[in-house]
Amino acid sequence: LELDFKLRRADMTTYKPRVISLTKNPGQTFGFYLRVERNEEGHLIRCLEMGGPAELAGMKDGDRILRVNGTFVDGFPHSEVVELVRNGGASVAFHILDESSYKQAKALGVNLSDPQSTSVTNRVAKEAPKPKLCYLVKSNSGYGFSLRSVKGEQGLFMAEVVAGGVADNAGVRNEDRLLEVNGENIANSTHDEVVETIKLGGGSVMFLLVDKETDRFYRNKKAKIGSWSPTIKFLPLQPRIVNVTKGSDGYGFLLREERDQT
């Protein structure tokens, strides 16, 4: 009964966009920039004006526009989408999908142009495995793992993970494939280069990994494994995600590197 309940809850997963209607006064803008960016899919909301119509209505940086006044625009050229917005007049209705949901839907091949895809079940999307972030703090005996390559397989894999060691306790498992080291993609790095990157991290390191199931899932889908929305369940502390809108005097903080501080 418990399993059936969980499956039924998974069946309720949707990719339902937010519908945001914006109205501007003469001489005013909607308060955002619409962009297409290299290595990013979709029409992105960027540079939200603090206190502008878009921000006040709930638009977020990185949101994707799916529809403009009911017209599905995800596959349209950027110039055509801009023209649709301009021709919409003082009031325009946008169908918006947040960045994480958009990227996952794209990776899984969800047809976002089908109205049913935003309101019908999609158990696969809910159940889709994710990459994982693992944070390791070196002990006197090291990290407790080694890196190896596999003939016929791309990338580097975790091996000889010591039971009860640093890596094991951080969620690392044998045969996990390494995607990033401290936020740096290592797809085109050699074994020696990755080892050097780990050493440069000092006494700690953050890995983005995929286990065999996750790797197989995305290979079968012929989809790129994204570093977006990884599971953070293995992290000792949960990071906060803070959306900050730039004001006229900047973001209101300084980012510094200081002696004796990591």
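First things first, this report covers the structure right here in the doc.

Parameters and conventions
Residues numbered from 1 in each chain as written. Predicted model: local features only at pLDDT ≥ 70, side-chain atom pairs only at ≥ 80, totals over all residues. Heavy atoms only, no water. Helix = DSSP H or I, 4+ residues; strand = E, 2+ residues; numbered from the N terminus. Buried < 20%, exposed > 50% of the residue type's maximum accessible area, 1.4 Å probe, protein only. Contact = heavy atoms within 4.5 Å. Polar contact = N/O pair within 3.5 Å; in protein donor to acceptor, adjacent residues only side chain to side chain. Salt bridge = Lys/Arg side-chain N within 4 Å of Asp/Glu carboxyl O. Core = buried A, V, L, I, M, F, W, Y, C linked by side-chain atoms within 4.5 Å.

Looking at the environment of Gly31
Link 1 in the chain: Counting through the fold element by element, Gly31 comes out in the loop between β1 (18–23) and β2 (33–35).
Link 2 in the chain: For Gly31, a relative accessible area of 3% translates into the label buried.
Link 3 in the chain: As a C-alpha pair, Gly31 and Met59 span 28 residues in sequence and 9.9 Å in three-dimensional space.
Link 4 in the chain: Residue contacts for Gly31: discarding those within four places in its chain leaves Cys47, Leu48, Glu49, Pro53 and Ala54.

With respect to the side chain of Arg177
Link 1 in the chain: With respect to the helices and strands, Arg177 occurs in strand β10 (residues 177–181).
Link 2 in the chain: Side chain to side chain, Arg177 and Asp215 meet in a polar contact 2.9 Å long.
Link 3 in the chain: Those residues in contact with Arg177 that sit more than four places away from it in its chain are Gln154, Leu156, Phe157, Leu208, Leu209, Val210, Asp215, Arg219 and Ile225.

Quick word on the pattern of salt bridges
Link 1 in the chain: In this structure the tally under the stated criterion is 14 salt bridges.
Link 2 in the chain: Ionic pairing is found between Asp63 and Arg18, a salt bridge with its closest N-O pair at 2.5 Å. Of this pair, Asp63 sits in the loop between α2 (53–57) and β4 (64–68) while Arg18 is found in strand β1, placing the two residues 45 residues apart along the sequence.
Link 3 in the chain: A relative accessible area of 3% means that Asp63 is categorised as buried.

Some details on the nonpolar core
Link 1 in the chain: Formed by 20 residues in total, the largest nonpolar core has its most connected members in Leu136, Phe145, Met158, Leu178, Ile198 and Phe207.
Link 2 in the chain: Residue assignment for this core shows that the elements contributing at least two residues are β7 (132–137), β9 (156–159), α6 (166–169), β10, α7 (191–200) and β12 (204–210).
Link 3 in the chain: The element best represented in this core is β12, accounting for 3 residues.
Link 4 in the chain: With residues up to four places along the chain from it excluded, the contact list for Leu178 reads Leu147, Leu156, Met158, Ile186, Val194, Phe207, Leu208 and Leu209.

Read these as geometric descriptors, not functional statements.
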